[in-house]
Amino acid sequence: MRNLLDLDAAGLEAFVAGLGEKPFRARQLLRWIHRRGVAEFTAMTDLARSLRERLAGAAVVAAPPVISDSTSADGTRKWLLDVGQGNAIETVFIPEEDRGTLCVSSQAGCAMNCLFCATGRQGFNRNLTTAEIIGQLWWAEHALRAQQGVTAEHERVISNVVLMGMGEPLHNYNNVWSALRRLIDPEAFGLGARHITLSTVGLVPMIDRMADEGLQIGLAVSLHAPNDELRTQLTPINKAYSVDELLAAVRRYVAKTNRRVTFEYALMAGVNDSPELAQEMAHKLQGILCHVNLIPLNPIPDSPFQPTSDEETERFAQILRNAGIPTTIRLRRGIEINAGCGQLRRAMAASGNGRRGVKMQPAENG
Ligand code: SAH
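Residues numbered from 1 in each chain as written. Predicted model: local features only at pLDDT ≥ 70, side-chain atom pairs only at ≥ 80, totals over all residues. Heavy atoms only, no water.

### Concerning the site of the ligand
Taken together, 16 residues form the shell around the ligand, and within it Phe-116, Ser-199, Ser-222, His-224 and Asn-298 come nearest. In the model, a nitrogen atom of the ligand is placed 2.9 Å from a nitrogen or oxygen of the Phe-116 main chain. Contact with the protein chains hides 95% of the accessible area of the ligand, taken as 530 Å² for the molecule alone. Considering only residue class, the shell around the ligand consists of 6 nonpolar, 8 polar and 2 charged. (Near = heavy atom within 4 Å. Polar contact = N/O pair within 3.5 Å; in protein donor to acceptor, adjacent residues only side chain to side chain. Areas by Shrake-Rupley, 256 points an atom, 1.4 Å probe, with all protein chains shown as cover. Nonpolar A, V, L, I, M, F, W, Y, C, P; charged D, E, K, R; others polar.)

Printed below as a string of structure tokens:
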């Protein structure tokens, strides 16, 4: 059985050709699957019955099975999806007034080993397939439409997608990009590239490759420290790509795409939150079309890292702002019952996308 979520337009054309069908059938299938969120071939009424029967015998449209589905008081909804062999991934939907953002995972586990990250601690299991990446979106849009009673084909519950879930998306480049292209394809999901943000720890050659794609996908870079000495301790991948090399790649990305890049910086008390580091960062980021998002650390169990206080966070932000660098803070409020979700959520909300400023969120309790 072929999972059609794995196939893009060209792949579907080859697949239907194998069934003795004309190429335009592939576009019809693409629309049914991604535009209308339909999985049952019997419901695809503009396909001949004989084709529907052959499809049912040869293919499925299957997102990863749901392990759990929870909604917090503020409407944030989180699914835990089963990707086999004991591996689960998280997908989170965050409704806001003027948008609905889906935070998508790209790997089961992660190989980057960032010291303060919960996913890093579980190690790397494997890359997600394109079907598993696009399947998160397919499933979420499907479930959200059912929940909200949305039936019109042109209406979208999910308006923005951020690759800020589990995993390092640029470490799974081909599958992630094949999913992104499907997201953007007007005959598939049809989301604007500008409504998509990819967050990376900074795999320099892959940032360049991404710039060469010629799409206006938003780039968020997890910086967390402005110099090699500290950054190598927090994010070991910095040994391979230094801060200067990373910032040079970001400049190239901005030059090619004309998009403002976001730097994410999780503030950790006594580790990366001193005024001197803020100065150093302000100096390093001069001249880059960027925005800094300061993320209060989400403490993870048995970790020595603690979040920076609100006052110190404000001071850090002020130094950056005084140096002309647009900076936003997510304040830590409320008690987080679900730390994993809270972690994803804060990072996500930090992505912004230029449609409006990043605004403070109400207390997180999901
Ligand atoms: N691998 C990608 C995307 C996944 S993580 C990346 O590194 O960007 C999404 C964001 O959450 C990253 O900025 C990451 O550094 C941050 N993050 C990880 N652990 C965190 C924690 N405990 N508290 C706050 N942010 C965290």
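### Notes on the side chain of Asn-87
Residue position: Asn-87 is located in the loop between strand E4 (77–82) and strand E5 (88–96). Apart from residues lying up to four places away in sequence, Asn-87 is in contact with Leu-81, Asp-82, Ala-108 and Asn-125. (Helix = DSSP H or I, 4+ residues; strand = E, 2+ residues; numbered from the N terminus. Contact = heavy atoms within 4.5 Å.)

### Some remarks on the pattern of salt bridges
Summed over the entire model, instances satisfying the criterion amount to 15 salt bridges. Here Glu-141 and Arg-145 are joined by a salt bridge, their closest N and O atoms 2.9 Å apart. With Glu-141 and Arg-145 both in helix H5 (residues 130–148) and 4 residues apart, the pair spans about one turn of that helix. Judged by relative accessible area, which is 5%, Glu-141 ranks as buried. Lys-284 is the salt-bridge partner of Glu-280, the closest N and O atoms lying 3.8 Å from each other. One end of the pair is Glu-280 and the other is Lys-284, both in helix H10 (residues 275–285) and 4 residues apart, which spans about a single turn. Residue class for Glu-280 comes out partly exposed when judged on its relative accessible area of 27%. Judged by relative accessible area, which is 23%, Lys-284 ranks as partly exposed. The structure contains a network of salt bridges with shared partners spanning Glu-21, Arg-25 and Arg-54. (Salt bridge = Lys/Arg side-chain N within 4 Å of Asp/Glu carboxyl O. Buried < 20%, exposed > 50% of the residue type's maximum accessible area, 1.4 Å probe, protein only.)

### Quick word on unusual backbone geometry
The backbone phi angle of Asn-113 is positive, close to 65 degrees, even though this residue is not glycine. With respect to the secondary-structure elements, Asn-113 resides in the loop between strand E7 (107–109) and helix H4 (118–121). Relative accessible area serves as the criterion here: at 45%, Asn-113 is assigned to the partly exposed category. The phi dihedral of Asn-258 falls on the positive side, at around 65 degrees, and the residue is not glycine. Note that Asn-258 resides in the loop between helix H9 (243–257) and strand E12 (261–267).

### What to know about the nonpolar core
Residues Leu-4, Leu-29, Ile-217, Phe-263 and Leu-285 are the most contacted members of the largest nonpolar core, which totals 109 residues. Here the element with the most residues in this core is H5; it accounts for 8 residues. Structurally, this core is a two-domain feature, drawing no fewer than three residues from each of domain 1 (2–60) and domain 2 (66–351). Val-92, Cys-103, Met-164 and Ala-220 belong to the second-largest nonpolar core, a separate cluster that totals 6 residues. (Core = buried A, V, L, I, M, F, W, Y, C linked by side-chain atoms within 4.5 Å. Domains from an automatic or database assignment.)

### Side note on the domain arrangement of the protein
According to the domain assignment, the protein consists of domain 1 (2–60) and domain 2 (66–351). Here the C-alpha centroids of domain 1 and domain 2 sit 33 Å apart. Opposite the 17 residues of domain 1 that make contact, domain 2 presents 17 residues. Summing the contributions of domain 1 and of domain 2, the shared interface buries around 1,500 Å²; its carbon and sulfur component is 46%. Among the residues of domain 1 in contact with domain 2, Leu-5, His-34 and Arg-35 are the three that bury the most area, contributing 45% of the side total. Summed over the shared surface of domain 1 and domain 2, the result is 2 salt bridges. (Buried area = accessible area lost by both parts, 1.4 Å probe.)

### Regarding helix H3 (residues 49–58)
Note: α-helices contain 3.6 residues per turn, so residues at a spacing of three or four share the same orientation. Those residues of H3 that fall on the buried side of the exposure criterion are Leu-51, Arg-52 and Leu-55. All buried residues of H3 lie within an arc of 100 degrees about the axis, which places them on one face of the element. Residues of H3 that are exposed and point more than 90 degrees away from the buried face comprise Arg-49, Glu-53 and Gly-57. Buried residues along H3 sit in contact with helix H1 (9–18), helix H2 (24–35) and strand E2 (59–60). (Arc of directions from axis to C-beta.)

### Observations regarding the sheet that holds strand E13 (residues 290–296)
With mixed pairing, the 10 strands of this open sheet are ordered in space as E3-E4-E5-E6-E9-E10-E11-E12-E13-E14. Looking at which strands have only one partner, the edges of the open sheet turn out to be strand E3 (66–71) and strand E14 (327–329). Adjacent strand axes in the sheet meet at a mean angle of 20 degrees when their direction is disregarded. Pairing of E4 with E5, which is carried by 6 bridges, proceeds in the antiparallel orientation. Following the sheet pairing, Arg-77 is matched in E5 by Phe-93. Sitting on the sheet, helix H6 (residues 173–184) touches strand E9 (160–163) and strand E10 (196–200), and the angle it makes with E10 is about 165 degrees. Sheet contacts for helix H11 (residues 310–322): E12, E13 and E14; angle to E14, the most-contacted strand, approximately 165 degrees. (Pairing = 2+ DSSP bridges. Axes fitted to C-alpha atoms, helices over the stretch in contact; angles between N-to-C directions.)

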